[in-house]
Amino acid sequence: MLLDIGSGQRRLREGMINLDLFPLQNVDIVADAHHLPFRDSSVDGIHCDAVLEHVQDPYIAVQEMSRVLRRGGMIIAWVPFIAHYHPVPSDFHRFTVSGTRNLFSDFQEIELIVGPGPSSAVADILRDYLINLLSFGHSKIRGWLYVLLGWLFLPWKYVDVVARWQSYRAQAHSIAAGFLYVGRR
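A brief look at the structure comes next. (Residues numbered from 1 in each chain as written. Predicted model: local features only at pLDDT ≥ 70, side-chain atom pairs only at ≥ 80, totals over all residues. Heavy atoms only, no water.)

**Side note on the sheet that holds strand β2 (residues 16-20)**
The criterion, for reference: Strand pairing requires that DSSP identify at least two bridges connecting the strands. The numbering of helices and of strands both runs from the N terminus, where a helix is a DSSP run of H or I of at least 4 residues and a strand a run of E of at least 2.
What the seven strands build is an open sheet, ordered β3-β2-β1-β4-β5-β7-β6; its pairing is mixed. Edge positions in the sheet fall to β3 (29-30) and β6 (108-114), since each has one partner strand and no second. Across seven bridges, the pairing between strand β5 (residues 69-80) and strand β7 (residues 178-184) is antiparallel. Following the sheet pairing, proline 80 is matched in β7 by glycine 178.

This is the structure in structure tokens:
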């Protein structure tokens, strides 16, 4: 059994169980990540994308993932580091490289990938800063600026893709937007 925790309305693949806090379209099980409704060692793989910043206690949520994941099972999780505030429904946490490794310390790390990188982080923060500065509290202006500045800053995100020089990649974790953790139980 494969489990997508915090799936929202997306369905990554047929046969994968979608779990979310809200009863949205394509959600198979409505549950809290702090209390997964599965037996110990009953899940083969877990996908958790941009969820752990929204739970009150990410350590308990990850302990639950470890509990339900079978030995040898895989976990793929994305966590933010330098990312804008996005309360859907709440926004509590950010994770450094060492914080990410500590969070998933019950797992054998296979890979920890920077992504999106520094250019994406700066573009997102600068976009949000300019929206807040220039919208004067008007939601319509804010909406238009979001679209306009989103397009304006889109090319910045590609710098992370083309920046393959060693010095850039060696320090990319220090200002990354987030990290993709791949591990095995």
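The structure having been displayed, the exposition proceeds.
**What about the pattern of salt bridges?**
For the record, the criterion: A pair is scored as a salt bridge if a Lys or Arg side-chain nitrogen falls within 4 Å of a carboxyl oxygen belonging to Asp or Glu. Burial here depends on accessible area, computed with a 1.4 Å probe over protein chains only, as a share of the maximum for the residue type. Under 20% is buried, over 50% is exposed, and the range in between is partly exposed.
For the coordinates displayed, the defined rule picks out 10 salt bridges. Note that aspartate 40 is salt-bridged to arginine 67, the shortest N-O span being 2.7 Å. Remark: arginine 67 occurs in helix α1 (residues 58-68) and aspartate 40 occurs in the loop between β3 and β4 (43-49); sequence separation between them is 27 residues. On the basis of relative accessibility, which here comes to 25%, the residue arginine 67 falls in the partly exposed class. Aspartate 128 is the partner of arginine 127 in a salt bridge, and the nearest nitrogen-oxygen pair spans 3.0 Å. Under the relative-accessibility criterion, aspartate 128 is labelled buried at 17%. Within this structure, Asp124, Arg127, Asp128 and Lys157 form a network of salt bridges that share partners.

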